[in-house]
Structures are given as structure tokens and as C-alpha cells.
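Descriptive structure summary
Okay, here's what each chain looks like letter by letter:
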Amino acid sequence: MEKRRQWIQAAILAAVLLAGAAAIGQALFGQHSRAPRTGDPAPGFTVEGIDGKTYKLGQLAGKPVVLNFWGTFCTPCIEEMPLLQSQADKWSQNGVSVVGINLAEDDATVQAFLDRHQIRFPVYMDRNERIRKAYGVHQYPTTFFIRPDGAIYEIKIGKMDESYMENTISALLAHLN
């Protein structure tokens, strides 16, 4: 009888510990809201640019937007940045805005990277990672192609090559007509 009671107590203790661990895990790592998907409205934000000015996603309303989450520590990000600049140059006359969202790095590191790679499109600084969290970004690079009405047209997780960028932007623009 004593062994059975000890076994029951151990089982109850294990259940309490598992429930507590699950609650702590959910609080620390759980998603409180679902990440946006294709067709959803792009989460709005207000952020400081690398130039020190304040920007809002809403300022780009009515334009197609390529929103790229990146970091100087990310090899695929480094490789695709010149390609993004090339696409920004190519499509700017069509009203396409290419914007980089840097992932909480210091200004000096980011500015040195931009200068070294001759990146001229706007870069916003996600210092507290609120934008990354709102977009549900967990891998870098991640790019959101946003329609002029603010809805997400396509999401690309991972490195893009130039033909993918060009084809996706072309399709985004064709979708507008």
C-alpha cells in the first residue's frame, strides 16, 4: 500500500512539473498571435531609419513594397543585398519600394556594411525587434512582397536569386493591372 501511494505521489508531482514546464514554455516561446500569411494585411509599424528619421509603413501605401529582413551576420543576406539594390534601381520607375529591416544591430556596423556594398535603398532599424516579431520572422533573410493595398502578395524565407526577385516583382506588378 505504501509503494502504491509513493507511486501516485510521484505521478502527481511529474504531472504538475510537466504542466508548469509547458506553461513556462508557452509564455517564453509561444506565439501570442499568428504570423501574417499571403493575403493578410502587412502589419503596420513606425520605426527609425539608419538615417535617424522616423518612417511608417503607411507612408508607402499605394506602392508595391519589397520588405527584406536581414542582418550583417547572415551570409545569405550579404549575398542578396547587391541583388536587392539592383532590383530597387530597376523597378523604382514603376513605383516599387525596396526597404531593408535590419535586425537590431548597431548603427556603425550597419552603416559600414551599406557603404561597403553600396546599398542605397532605405534601411530601417528594428532595435527592439517589434517588427520582426509582428511579421513572425525567425529565419534570415525573409522577404515580404506587399501589394499597394497593403496585403501580403508573397513571402520568401531564405536567400533569393535575381531571377526570383525579378519574376516575383514582375508578377506583383502584373497582378495590379
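To start, this report covers the structure provided alongside it. Residue indices begin from 1 for each chain and proceed along its sequence in written order. For this predicted model, a pLDDT threshold of at least 70 governs which residues receive local features, and a threshold of 80 or more governs which side-chain atom pairs are given and counted, while totals over whole chains, interfaces and linings are taken from all residues. Hydrogens are left out, water is left out, and the side-chain values use all remaining heavy atoms of the structure.

A run of H or I in DSSP becomes a helix once it reaches four residues, and a run of E becomes a strand once it reaches two; helices and strands are each numbered from the N terminus. Along its length, the protein carries 5 helices and 7 strands. When its helices and strands are written in sequence order, the protein yields α-β-β-β-α-β-α-β-α-β-β-α. Residues counted as buried form 40% of the 177 residues belonging to the protein. Any two residues whose heavy atoms approach within 4.5 Å at even a single point are treated as in contact. Considering only contacts within the protein whose residues lie at least 6 apart along the sequence, 68% involve residues at least 24 apart. Shrake-Rupley sampling with a 1.4 Å probe provides the accessible areas, and residues are treated as covered by the protein chains on show and by no other component. Element-wise, carbon and sulfur atoms account for 56% of the exposed surface of the protein, whose accessible area totals about 10,100 Å². With a 1.4 Å probe rolled over the protein chains alone, any residue whose accessible area is under 20% of its type maximum counts as buried; one over 50% counts as exposed, and the rest are partly exposed.

Here we take up the nonpolar core. What we call a nonpolar core is a set of buried Ala, Val, Leu, Ile, Met, Phe, Trp, Tyr and Cys residues that are connected through their side-chain atoms within 4.5 Å. Grouped together as the largest cluster of nonpolar side chains are 24 residues, with contacts concentrated most on W70, L84, L114, F121 and V123. Taken together, the elements giving at least two residues each to this core come down to β3 (65-70), α2 (75-91), α3 (107-117), β5 (123-125) and α5 (162-176). A total of 5 residues in this core trace back to one element, the largest contributor, which is α2.

For the rest of this paragraph, the subject is the packing of aromatic side chains. What characterises a pair of aromatic rings is the spacing of the ring centres plus the angle enclosed by the ring planes. Here a pair means two rings of Phe, Tyr or Trp (six-membered ring of Trp) with centres within 6.5 Å. Their orientation is stacked below 30 degrees between planes, edge-to-face above 60, and tilted elsewhere. Summed over the entire model, instances satisfying the criterion amount to 9 aromatic pairs. Ring geometry for F73 and Y140: centres 6.0 Å apart, planes at 85°, overall edge-to-face. You can see F73 sitting in the loop between β3 and α2 and its partner Y140 sitting in the loop between α4 (130-135) and β6 (142-146), a full 67 residues away along the chain. Since its relative accessible area comes to 27%, Y140 is described here as partly exposed. Members of the aromatic cluster, each reached through a chain of ring pairs, are F45, Y55, F69, Y124, Y135 and F144. Residue placement shows K156 over the ring face of Y164; its charged tip is 5.3 Å from the ring centre. Either the NZ atom of lysine or the CZ atom of arginine qualifies as a charge over a ring when it sits within 6 Å of the ring centre and within 35 degrees of the ring normal.

Here, two cysteine sulfur atoms that lie within 2.5 Å of each other are counted as a disulfide. Counted by the stated rule, this structure contains 1 disulfide. Note on cysteine connectivity: C74 is disulfide-linked to C77, with sulfurs 2.3 Å apart. Its S-S torsion of about 80° marks the bond between C74 and C77 as right-handed, since a negative value means left-handed. Classification of C77 as buried rests on a relative accessible area of 0%.

Throughout this description, the term salt bridge denotes a Lys or Arg side-chain nitrogen within 4 Å of a carboxyl oxygen of Asp or Glu. Taken as a whole and assessed by the stated rule, the structure comprises 8 salt bridges. Residues joined by salt bridges that share partners form a network here, namely E48, D107 and R127.

On to the sheet that holds strand β7 (residues 152-157), then. If you walk across this open sheet you meet the 7 strands as β2-β1-β5-β4-β3-β6-β7, and the pairing is mixed. Bordering the open sheet on either side are β2 (54-56) and β7, each of which pairs with just one other strand. Across the sheet, the mean angle separating the axes of adjacent strands is 30° when strand polarity is ignored. With 2 bridges connecting them, strand β1 (residues 46-49) and β5 associate as antiparallel partners. Looking across to β5, one finds that G49 is bridged to Y124. Convention adopted: a line fitted to C-alpha atoms gives each axis, helices being fitted over their contacting stretch, and angles between N-to-C directions are expressed from 0 to 180 degrees. Against the sheet, α2 makes contact with β3, β4 (97-102) and β6, and its axis sits at roughly 160° relative to β3, the strand it touches most. Helix-sheet contacts for α3 involve β3, β4 and β5, and the interaxial angle to β5 is about 170°. Between any two strands, pairing holds if DSSP finds at least two bridges.

We now examine α2. Working rule for helices: expected span equals 1.5 Å times residues minus one. Taking 1.5 Å as the rise per residue, α2 with 17 residues should run 24 Å; its terminal C-alpha atoms sit 25 Å apart, in good agreement. What is called the bend at a residue is the angle between a pair of axes, fitted to the seven residues leading up to and ending at it and to the seven starting from it. Largest kink in α2: about 30°, centred on M81, with the proline P82 one to four residues after it. When we look at burial in α2, the residues that qualify are C77, E80, M81, L84, Q85, Q87, A88 and W91. As for α2, its buried residues are in contact with β3, β4, α3, β6 and α5.

Interpretation note: all reported values are geometric properties and have no functional meaning in isolation.
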